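Examining the three-dimensional arrangement
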Amino acid sequence: MTKPDTLARALATVVAPEYVQADPVACAPYQIHGIVPGCTIAPASLEELAAVLRLAQEHGAAVAPWGGGTQQLLGHPPARLDLVVRTERLSQVLEHEPADLTISVGAGLPIGALRDYLAPHRQMLPLDPPLPARATIGGLLATAADGPRRLGYGTLRELLIGITVVEAGGRISRGGGMVVKNVSGFDMMKLYHGSFGTLAIIAAANFKLLPLPRAATTLLCRFGQPGAAFAMLDALHQTQLTPTAAEYLNQAALMELGFEGSCALALRAEGLPAAVERHMTDMAALAERHSASGTERLNHEQEAELWLRIADLSQATELPANTVLVKLVGQPATIETTVAQVEAFAQTHGGQALMSARALNGIVYARLPVPTQPQALAALPGLQWAAGTAPDLPYWGTEPAGFTLMQRIKAEFDPAGQLNPGRFIPGI
Amino acid sequence: MDRANLIAELKRVVGARAVVDDAAALMTYEADGCVMDLHAPTLVVLPATTEQVANVVQLAQRARIPIVPRGAGTGLAGGATPMQGGIVIATTRMDQVLEVDARNRRARVQPGVINWELSQYLAPYGYQFVPDPSSQRACTVGGNIANNSGGPHCLKYGTTTDHILALRMVLPDGSVIWTSDGSADRIGYDLQGVLTGSEGMCGVITEAWVRLTRLPEAQRVVLALFPDIPSASQTVSTVVARGFLPAALEMMDQLAIKAVNGMYRLGLPESAGAALLIELDGVSDGLDDLLAEVTGTCRDFGAMEVRPAKTPEEQAQVWAARKNAFGAMGRLSPSYYLVDTVVPRTRLPATLARVGEVSQEFKLPIANVFHAGDGNLHPLILFDRRDKSQLERALLAANAVLRESIEQGGVISGEHGIGVEKRDYMTLLYSTDDLAAMAGLKQCFDPHELFNPGKVFPAGRGCGELAALRRSGLNAADVAGTPAGAWL
Ligand SMILES: Cc1cc2nc3c(=O)[nH]c(=O)nc-3n(C[C@H](O)[C@H](O)[C@H](O)COP(=O)(O)OP(=O)(O)OC[C@H]3O[C@@H](n4cnc5c(N)ncnc54)[C@H](O)[C@@H]3O)c2cc1C
């Protein structure tokens, strides 16, 4: 364990002292699973970040990167935590050539701020994660976050074209570039995407952008039975329609959103006005054929608001007491069964599940009561992670395929185990 | 192990007919489509199963013999060239589509499946495997994955990496893994992400779950002819910036038009300085309006003629001309050097202007046939290999094009990879620390560097040395006297 004061004094030589804190009160907001770091720091530049990590290495300090703090409940409590490195001052738009549809931004930029920046250019980075006002680009990359529109646009994995990181020990390295197609060497972007801050701290990222769609409309289809909703999804999947989101919402999710009914599909189409119209007509007809109890076309304000709220259903920050958020994955065709199993699981444990499923991507987010034996959650099909404040959760699902390789990668990039120690899959 | 023993052992593993040891036959494997550097392998094996591949790799590992995976050998960067001899593992016999799971939009395939054949196989189901390199009638899915290949339709749908769900790999230690079960967002490091594009340096891909994409309901193809390259390039920028989201946006210059005209009887006016091939797709609703907007944009930027390809046959003919444009170069010159680089799209006019100057400077004709929508250039330097001076000038011209692309904020390969061809240019693009991170990653898979040695990393300082430098904790700045680019 590093002495906070010694570390803070050293850090104040590389970052303006007002951005270095070792006072427990000032550090308290950066606790992770109740563990308060000895120090926090907010470097203002790539070079400062590198200097911070160099000093952290010299002092043997365990480091946790911190963006907007929206996903810090993911993972085990840290094995050690000496220093929280905040990216909030690395939040500039570094380069944006509108006509190239590419952008380079600091990792600390909240995606909501990026959305606002791009709106006047009529461009977008089409990721719609929870809590956009707080969630930063770096945090979204590190946690491989997603949103309902991934059906149409993918995740940041597909949009990331370049990256700058600071490795443990302060080495700066870059991958990719500012072009939309690139095979010049290994794809380092893929390495850091989803690495949960265990290999390096992401300092900046480059993305390809898309023009804002000319039209966008949403259809909310209510069903009496999940079976009917999933049958419709299956039928939709076989058409040549290209909805950009198709979210299954269960009863609790609908209630949270202020709607009644036992389940629904929220379906979005974006693009040319005529193509969007066609989607609405065809999808409404499909819904009717699958005995939808009601089909409602939302106006522009309603739909924008609804999608923000749907995205927030999978936020892992302000979870109601004694609940846990799980992410389950499978194949599109297995999601119906997964959803049924989750409902049954919640009932067995005396509560209700709140579910939103990106069914055509094979992804389910469910908010559940914490079972008396939290490890029981591990039985849920395709569990990837369980996030919450309750102790002893199965934080990560089963050991992933290729785990030995992952351990080797961790040892290569962070040999001293300084970055987020103990938080990721056990053994990393 | 001596050669005779090795041959005997390998024959035991894969069968006598699946080991190539005859000197004349081995010559076929001396290089891929990049014939700058020829090296014969010691032996070639043609395994039929993952187990056989694993056994071959274990054998080679024990004997410390280098291994080079090979698909169809259409690579253009020397990726499949056995630089230090050793065993070439060719996937020719692993050519089965194992499973089509249309409901979940995925298929499980062996690596030796030919890209085109996969698409043909999938079409009746109403699906496609999107990556469509111009070499698709010959190249393999394994090669596409190893090179993260692109193709015209990758503009809208993403390159190979966006279409790979999971890989089965024989790792350099002979063990076999699936990188994932193919569902989205598996936790853990993204192994298939880093393995896609790793150019055969991290193991042999023996199976893959690939993503299937529904064939679009409707397509519109239009060929627009422009007086010159700048007007066509401006059209490209505008079409992209206005959000028309074309499925493909390809350009040919005057020399290329001349070449394909002869072969495909397209009757294109050879006075045209550039042609754009634009494809739009989606549901049919609104597509004709969009087509009208696109053709309008072409006219606004001075298109002399805009020809929509009305029937599927006409569309196929236009596409055939584009995809076989490289082959058509044979009509103009005995050999060509295809340089693959990318620049930001707004830099296309400036870069192409410089390519024109390079052609003048080195007195070699250069044709351009390329993925304009991505900013992915393909200058084809025409020369005669038998003429030593022409060969030298071709190499110098390629060097000038690569440097210009970097100068314009671009990179040195958009889809063909680095291989041997461009390994010494890597230092122009990346710092020592950038390269050392890549080297460290490669060594996690292949610590003894037996897989495809001599590729991607600069010749003067290979992968092992870079990785060691990194582990010693030194930074580039600490290594006095080695400025970036010093190894070129
Ligand atoms: C006329 C022509 C047009 C082309 N057009 C395009 C184009 O439009 N877009 C594009 O991207 N490329 C293009 N190429 C380049 C080339 O066709 C692609 O790179 C193709 O994907 C290579 O496939 P292959 O089967 O021939 O692989 P090979 O050339 O045999 O090998 C390529 C690389 O992959 C590795 N490899 C092969 N199989 C495996 C495996 N199973 N496991 C691990 N590693 C493996 C090899 O070691 C090598 O490094 C073109 C080439 C030609 C000749």
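Residues numbered from 1 in each chain as written. Chains lettered and ligands numbered in written order. Predicted model: local features only at pLDDT ≥ 70, side-chain atom pairs only at ≥ 80, totals over all residues. Heavy atoms only, no water.

Considering the sheet that holds strand β4 (residues 83–86) of chain A
All names here are of chain A. With respect to topology, 4 strands assemble into an open sheet ordered β1-β2-β4-β3, the strand pairing being mixed. Looking at strand neighbours, the two that pair on one side only are β1 (20–21) and β3 (63–66), the edges of this open sheet. Sheet topology places β1 next to strand β2 (residues 39–41); 2 bridges connect them, and they run antiparallel. Of the residues in β2, the one forming a bridge with Gln-21 is Thr-40. Strand contacts of helix α3 (residues 46–58): β2, β3 and β4, with the helix running at about 170 degrees to β4, the strand carrying the most contacts. (Pairing = 2+ DSSP bridges. Helix = DSSP H or I, 4+ residues; strand = E, 2+ residues; numbered from the N terminus. Contact = heavy atoms within 4.5 Å. Axes fitted to C-alpha atoms, helices over the stretch in contact; angles between N-to-C directions.)

Here's the deal with the site of the ligand
All names here are of chain B. What surrounds the ligand is a group of 34 residues, the closest being Pro-69, Thr-74, Gly-75, Ser-135 and Thr-140. The separation between an oxygen atom of the ligand and a polar main-chain atom of Pro-69 is 2.6 Å. When isolated, the ligand has an accessible area of 980 Å², and the protein chains bury 94% of it. Elements with a contribution of two residues or more to the shell around the ligand: β3 (67–70), α5 (141–147) and β10 (204–211). Of all the elements, α5 adds the most residues to the shell around the ligand, at 5 residues. Counted by class, the shell around the ligand contains 11 nonpolar, 20 polar and 3 charged residues. (Near = heavy atom within 4 Å. Polar contact = N/O pair within 3.5 Å; in protein donor to acceptor, adjacent residues only side chain to side chain. Areas by Shrake-Rupley, 256 points an atom, 1.4 Å probe, with all protein chains shown as cover. Nonpolar A, V, L, I, M, F, W, Y, C, P; charged D, E, K, R; others polar.)

Structural notes on the side chain of Gln-315 of chain A
Residue and element names in this part refer to chain A. Examined against the element boundaries, Gln-315 turns out to sit in the loop between α12 (300–312) and β16 (323–329). A distance of 2.9 Å separates a polar side-chain atom of Gln-315 from the backbone nitrogen of Glu-318. Discounting chain neighbours no more than four positions away, the residues touching Gln-315 are Pro-130, Leu-131 and Leu-325.

Considerations on the packing of aromatic side chains
A complete count under the given rule lists 11 aromatic pairs over all chains for this structure. Ring geometry for Phe-196 of chain A versus Trp-396 of chain A: centroids 4.9 Å apart, planes at 75 degrees, classification edge-to-face. Of this pair, Phe-196 of chain A sits in the loop between α8 (188–192) and β10 (200–208) while Trp-396 of chain A is found in the loop between β19 (383–387) and α14 (403–413), placing the two residues 200 residues apart along the sequence. Under the relative-accessibility criterion, Phe-196 of chain A is labelled buried at 12%. In this structure an aromatic cluster arises from ring pairing among Phe-196, Trp-396 and Phe-424 of chain A together with Tyr-189 of chain B. Stacked on the ring of Trp-116 of chain B, the Lys or Arg Arg-137 of chain B has its end atom at 3.9 Å from the ring centre. When the ring centre of Trp-319 of chain B is taken as reference, the NZ or CZ atom of Lys-323 of chain B above it lies at 5.8 Å. (Phe/Tyr/Trp six-rings, centres within 6.5 Å; stacked < 30°, edge-to-face > 60°. Buried < 20%, exposed > 50% of the residue type's maximum accessible area, 1.4 Å probe, protein only. Lys NZ or Arg CZ within 6 Å of the ring centre and 35° of its normal.)

Description of the nonpolar core
Ranked by size, the top nonpolar core spans 188 residues in total, and within it Leu-125, Tyr-192, Phe-207, Val-326 and Leu-368 of chain A together with Val-210 and Phe-445 of chain B carry the most contacts. Here this core gets 7 residues from one element, more than from any other, and that element is helix α16 (residues 432–445) of chain B. Dropping the residues within four chain positions of it, Tyr-192 of chain A is found in contact with Leu-141, Ala-142, Ile-163, Val-165, Ser-173, Leu-199, Ala-200, Ile-202 and Phe-413 of chain A. (Core = buried A, V, L, I, M, F, W, Y, C linked by side-chain atoms within 4.5 Å.)

Geometric descriptors of this kind do not, in isolation, establish any biological role.
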